[in-house]
Protein chains: 8
Amino acid sequence: MNEELFYANIDYQREKRRGVGEVIYGEGKTAEQITEIIKRLSAISDQPVFATRCSLDKFTLIHEQVPSASYYPQARIIAVGQMPEAVGNIAVVCAGTSDLPIAEEAAVTCELLGNMVTRIYDVGVSGLHRLLAKTDSLHKAEVIICIAGMEGALPSVVAGLVSAPVIAVPTSVGYGASFGGLAALLAMLTSCSAGVSVVNIDNGFGAAYTASVINRAIHSHRDF
Amino acid sequence: MNEELFYANIDYQREKRRGVGEVIYGEGKTAEQITEIIKRLSAISDQPVFATRCSLDKFTLIHEQVPSASYYPQARIIAVGQMPEAVGNIAVVCAGTSDLPIAEEAAVTCELLGNMVTRIYDVGVSGLHRLLAKTDSLHKAEVIICIAGMEGALPSVVAGLVSAPVIAVPTSVGYGASFGGLAALLAMLTSCSAGVSVVNIDNGFGAAYTASVINRAIHSHRDF
Amino acid sequence: MNEELFYANIDYQREKRRGVGEVIYGEGKTAEQITEIIKRLSAISDQPVFATRCSLDKFTLIHEQVPSASYYPQARIIAVGQMPEAVGNIAVVCAGTSDLPIAEEAAVTCELLGNMVTRIYDVGVSGLHRLLAKTDSLHKAEVIICIAGMEGALPSVVAGLVSAPVIAVPTSVGYGASFGGLAALLAMLTSCSAGVSVVNIDNGFGAAYTASVINRAIHSHRDF
Amino acid sequence: MNEELFYANIDYQREKRRGVGEVIYGEGKTAEQITEIIKRLSAISDQPVFATRCSLDKFTLIHEQVPSASYYPQARIIAVGQMPEAVGNIAVVCAGTSDLPIAEEAAVTCELLGNMVTRIYDVGVSGLHRLLAKTDSLHKAEVIICIAGMEGALPSVVAGLVSAPVIAVPTSVGYGASFGGLAALLAMLTSCSAGVSVVNIDNGFGAAYTASVINRAIHSHRDF
Amino acid sequence: MNEELFYANIDYQREKRRGVGEVIYGEGKTAEQITEIIKRLSAISDQPVFATRCSLDKFTLIHEQVPSASYYPQARIIAVGQMPEAVGNIAVVCAGTSDLPIAEEAAVTCELLGNMVTRIYDVGVSGLHRLLAKTDSLHKAEVIICIAGMEGALPSVVAGLVSAPVIAVPTSVGYGASFGGLAALLAMLTSCSAGVSVVNIDNGFGAAYTASVINRAIHSHRDF
Amino acid sequence: MNEELFYANIDYQREKRRGVGEVIYGEGKTAEQITEIIKRLSAISDQPVFATRCSLDKFTLIHEQVPSASYYPQARIIAVGQMPEAVGNIAVVCAGTSDLPIAEEAAVTCELLGNMVTRIYDVGVSGLHRLLAKTDSLHKAEVIICIAGMEGALPSVVAGLVSAPVIAVPTSVGYGASFGGLAALLAMLTSCSAGVSVVNIDNGFGAAYTASVINRAIHSHRDF
Amino acid sequence: MNEELFYANIDYQREKRRGVGEVIYGEGKTAEQITEIIKRLSAISDQPVFATRCSLDKFTLIHEQVPSASYYPQARIIAVGQMPEAVGNIAVVCAGTSDLPIAEEAAVTCELLGNMVTRIYDVGVSGLHRLLAKTDSLHKAEVIICIAGMEGALPSVVAGLVSAPVIAVPTSVGYGASFGGLAALLAMLTSCSAGVSVVNIDNGFGAAYTASVINRAIHSHRDF
Amino acid sequence: MNEELFYANIDYQREKRRGVGEVIYGEGKTAEQITEIIKRLSAISDQPVFATRCSLDKFTLIHEQVPSASYYPQARIIAVGQMPEAVGNIAVVCAGTSDLPIAEEAAVTCELLGNMVTRIYDVGVSGLHRLLAKTDSLHKAEVIICIAGMEGALPSVVAGLVSAPVIAVPTSVGYGASFGGLAALLAMLTSCSAGVSVVNIDNGFGAAYTASVINRAIHSHRDF
């Protein structure tokens, strides 16, 4: 059944059809709209319900209506419901300090979808020893999310070191010829390392979703 | 050990480090160079050695030197060594007749890397019934490679129907505002369906490589 | 006769020449300018006079001078004069919640130009069942306006299901590689479904105008 | 029923679903493939079967297998079956001599789909008197296809003169800053005249298809 | 002699070398800097000294220091010194109401440089009769500045009607596919009418400068 | 009277309306078409009739039909009729050897339109002394056409030295980041020197046409 | 040793490895973060520690915690530690007043890295005599940083006059077709003068860093 | 003295002014033109005279006229005169086999300009161990030229390891989203490693010229 609000046609069957319930994209929705959708989805879901790209201001308003909601400020995520048990190992790797909000959006999304996360931050290619010091952690990961702005070189280097799939996230960090993340996007798409696939600029959520699908597919086989 | 030719620094350790040996990108290499690299890699590898983006003319020259080489004309792939046993199920889905060369590059690469492949061709979104008729096959796939040129809408529709990860390949099929595949590339990157990640325009090989890494990770857990 | 203000050269003959009087594009005009043009056009027109892209603030100022003006907040349209009788059937279809302002600009414009409108909202291709559930409504439409941001795939899918002409409106909804609506625009222009024509990004008005011209041409023949 | 060739999944139900049978896009298909598809479609269709973007060389090969095929050299169209009776009035207007191939692709497609066509050629805006001399013909048209390369200004001027819908086709005619038709495409999308919708660069077929759908909808009402 | 401020290396010889003294580009300069440069230039020039792209706020501050300064609000120009005698006839033609600020920047600059100006405003190509009604004025002009945003078609049409040189100014008026004036710029550069040359987007000053150079060259010959 | 060929709607009134007869753009026209148009225009014109962008091969064919035609190989222009008397002084300045074909297209067009031409070639800004050695010639010119590829800096430097109007022609000379002349085009449009206006990439003809209109306007005043 | 903060992985070994310690990029970092990093770096470095792209507001906050910090307002640089002795001669040349902030970022960075700097400002190519008056200073420089917005012609002209290496910095100064510095960037990359290399738009720091490396390499040889 | 050919204005003073004589850019020049320029430059130069971007065919023709000319086939360089003594140490580093022609253009140019060259080839970042194995060679270099196509990540990694200046050359190697070298160019311009400056796509010569200027400046100090 598809229950319709005027402004949203909620996809209640999604959890059955795709294995994951609908996640709310908070950008451009009002606190009232998010509150309403959270309530409706919470009523039918066993998984945590959450919304990405939410400011602290929106959270404050929503929290009044949904006291059980919690907020992850760096990730800008509002979540309702208990964090699920974590399986597997997804490494979230990022190049620089400025990429942190996207990295946290990815990491927290992974956790909310039931995955174990290893954070490996600020290991940009300009100081390679910082990355190489983390080689062990990289090898242990079953899926790797690799986040970088500017020239976006990190996924090429990381993918060359490991056998796990690498999901690359270009960020809009940079100025001038980075053209809002275009430089990093093109670099990741033309990576000389096989095994890299790419999501939209700043799309930490999308990378986490794909990583979760892969990580959980691996473990559904292992665990049962 | 890294043995050096003047023109190539062969990465013999790759198979150990990344789980897959070096694959030869045939474009811009001469038949002589490809022949030489095939010989050196064959001498040390248990997996099939293969080269992508090779014309029939190049194959004819290489075949004289390497009689055991075989040629996949639609995929434009030259391969040496026995096709490995196939595990799992990767669906290769393409939108139109003109996308076939890239679809076959992906499908044959998957097979050479030891994966079972289901081909679902010419199911573009302009005649949705053709795609919906294949819903069962799509649900059975563990990884899906989705190939489309022009407006590149197919991955969004496919990803909305399944729970497996979808790797999207834009092709340069189209004219005018397709700008050599840019329209399809941007469409796939901005897909409204979560679970889609993207590789470079016409990069059937790259999609297959990533799909194989995922499919084999799932089955290494299941099988042992 | 063309009466000239300093800032505008009003086209009074337009209604005779093109069948529709001048519609005011409110963006970048002051409330005073809009008020003046509304007054002049209202004095000579039998059709409703209206202005698009008007904020609530502008409406408040204009309403003081033109008490008969009414406001459509989601469409951001100010209108003066009685809604005309509606003929035919234009379906306004949109992909997501964020496309609503453009969808309403299109729908209200259609209504002000004398067309019956069927609204089919939030039926993006990531959950195809939502769209397919509306197949009957789509088949009944004589003209279809199809609005989508992000990857802009909806018009291709819709046009494949129907025989009516489809006018596609890309929206600037999205981020990163959507490049302000460019991704959706290119996708719609390169649609693999024949029967799709495209207007400018966010141009709900333009799509409605064209749809109205077509719908009314069909019914001028039927009715007389 | 969808009968599958290896290279094409023919959409036999299209005529029923969309009112027009499948039209073959000849670019990138071999003469053999086109011949085979023509034969299969001809066997089930009452309408003419035709293929666009076909060179004279391809026609010569196809003609040997399908002697009833005829060729429209400027339009580059191969057609089989009798030209249907023509209804209504579609004006095909083009700016310059170099736009002729696209204009003829549009005009012949319109005719093959059963529409009366008025050709108004070489009436670019640099010599406005040439266009204004055709005002009567423009006013009589029920749908107008407007084709221009370079700065693509013609649709804006034409749409300002008439009440019929205008379908604009940018062409790749031009050099330098025309960037393969991009200048004309952007100009048409940003037209200051309402009532203009746009198809892909050089897409004479697509414009004709849309124009035919509209023209025939008008006349299905009138005639019955 | 070139007297140097820390922030500006004033070109006092310019009037001798190029026939026109230095004109101040106000954007990004503080009121203090503009005041200082105006004072220094006024001390050595017989022509009016003026600054373009100045807000009313800047004028208010400058006026306190330079009481003889006057302000042209639509043109956003501050001028000091008596308006020179006007020679010849430059027509400033613009397409729409929103192009007015650029049109006035051009017109006032022309006047400050000693040229007679004929203003022909809001004559966009969507209502051709408005432009054709001004044919006489256009024929009398010795140089024409033609200003348009959106699809930028006006210069092509105007140049086709006259024998005078046309200087085209694309404006950033528009949205979506106008890409900040790019659509108009490309259209003007690819104009099918010979005799059109183009300046930067929104560069009313630059067009006026060139028009003045041409107009005054014509009249220096006539007058002596 | 507008006599129509199937492929061209010749503008016989152009000479009266615009002061210059129609000039044939040879690119994309066959030798037969050019021959026919030359014959028709020659029959009614007192000025030379000419066609630009014509290969030597086309000339050879046309020459058989029009023995009085002559060919300017570097300019790639075919002309019929006596070279008119030359007035005034247009300097054609170019940056490098590779810009010569466009420079000659401009220079020969100027001459065919009745202007005196001074050629100043290979004076690119990388060796400024070469340009400065020509300062006298530059000062004597009444209009300057300035042609450059690569970074397109020449017009900015030249315009800074003179008081005559400068018409800048970017050329497609260059590689990589010159993007087919885009770098030079953008540079010329954003020139810091006032008095520069720009035509399309490689449009030597267009620059010459504009220069001629200006030069002749100056001299029509002087001479009578 | 790499000591990790949550938000930054400070590269303490950088001074040993690369000869220069880590420089803080202030954009997007909070005053608290910058303060903390300054403190940690100051504790281990003999060179001045500094942060670029810092507003006066940030400096005020940081100054409270680090009283020895000083601020260069035009350069927007905060520095701690004594200015080192200066060697060699780096000329910082800029085209216009608006390029000053980038020029000062470059000049102050050079000084903080121990280089003698000669400032040559506001010598744009539109008034060549201003540049030529500085020929002696240019010849004395051992490395030249050349900064320009708009058409970015200055490095081509300067490099043609000297034998020292020229590092070009495009700035985002300009409007319209400068596209945020793209015009200047492309111009500098396609310079016809050999010896020019380019850094990112507005990257005064990067140019200074490279210039310093070169200048100090020259002098490490000379001095010892 | 500047002796002029019709097609070239040879800059004989260049060697004195800039320290290096004119180098011939062979692209687009005929064998005859190159022969003539070689002869004239050889007559006045003590350094080798050479031409880049010359095919073997051109060399064969030139060799008949200039028997002392020799050819470097991979570099596509024709040179006349004795190779000068080599000083210093420039490392030419390239990412992949396909970048070899540009790498050799750079290396041979460096040698012809009197620099010692260390070639480090096929060390792309996808197999980092290949690059790290060359760390010693990299540390010994006084200037590094770093050449890469596709994602262009190599300069960022290399610059992070060394203290020498790095000159980055993007190549047009790649397909799809590499857009003819644009991806690599943007990546190099936005490098997170300080000390990288960039030349045009495929401009091996330009990088070598700059590297030579730097290397020789270092050694002119050391040696005297």
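Conventions used here
Residues numbered from 1 in each chain as written. Chains lettered and ligands numbered in written order. Predicted model: local features only at pLDDT ≥ 70, side-chain atom pairs only at ≥ 80, totals over all residues. Heavy atoms only, no water. Buried < 20%, exposed > 50% of the residue type's maximum accessible area, 1.4 Å probe, protein only. Helix = DSSP H or I, 4+ residues; strand = E, 2+ residues; numbered from the N terminus. Right-handed = clockwise from strand over helix to strand, strands pointing away. Contact = heavy atoms within 4.5 Å. Buried area = accessible area lost by both parts, 1.4 Å probe. Salt bridge = Lys/Arg side-chain N within 4 Å of Asp/Glu carboxyl O. Nonpolar A, V, L, I, M, F, W, Y, C, P; charged D, E, K, R; others polar. Least-squares fit on C-alpha atoms with pLDDT ≥ 70 in both. Pairing = 2+ DSSP bridges.

Moving on, we get to the pairing of strand β7 (residues 143-148) of chain H. Every other side chain in a regular strand lies on the same face of the sheet, so the side chains alternate between the two faces. Residue and element names in this part refer to chain H. Of all six residues in β7, six are buried, a share of seventy percent or more. Neither face of β7 is left uncovered, since the one carrying Val143, Ile145 and Ile147 and the one carrying Ile144, Cys146 and Ala148 both have all their residues buried. Once the chain exits β7 it traverses helix α7 (residues 154-159) before rejoining the sheet at strand β8 (residues 166-170), and the crossover so formed is right-handed.

Contact with chain B, which involves 18 residues of that partner, is made by 15 residues of chain H. Summing both partners gives a buried area of about 1400 Å² for chain B against chain H, and 52% of it is carried by carbon and sulfur. Here chain B is connected to chain H by zero salt bridges. Class assignment for the residues of the side of chain B that touches chain H results in seven nonpolar, five polar and six charged.

Least-squares fitting of chain A to chain B yields an RMSD of 0.0 Å, with the superposition described by an axial translation of 0.0 Å and a rotation of 180°. In short, the pair behaves as if placed about a two-fold rotation axis. If distances are taken from each C-alpha of chain A to the rotation axis, the shortest is found for Ile218(A), at 2.1 Å. Both copies share a contact surface, since 100% of the interface residues of chain A are interface residues in chain B too.

A word on the pairing of strand β5 (residues 87-94) of chain C. Residue and element names in this part refer to chain C. Burial analysis of β5 places six of its eight residues in the buried class, which makes it a mostly covered element. Bridge analysis of β5 against strand β6 (residues 115-120) gives five bridges, and the strand direction is parallel. Bridge pairing in β6 links isoleucine 90 to valine 117. As for the winding sense of the linkage, the β-α-β connection from β5 through helix α4 (residues 100-112) to β6 is right-handed. Here β5 pairs with strand β7 (residues 143-148) via five bridges, running parallel. Of the residues in β7, the one forming a bridge with valine 92 is isoleucine 145.

A few words now on the relation of the copies chain B and chain H. At an RMSD of 0.0 Å, chain B and chain H line up after a rotation of 90° and a shift of 0.0 Å along the axis. The superposition of one copy onto the other is thereby described by a four-fold rotation axis. Measuring from the rotation axis to each C-alpha of chain B, the shortest distance belongs to Phe179(B), at 7.4 Å.

Don't take any of this as a statement about function, it's just geometry.
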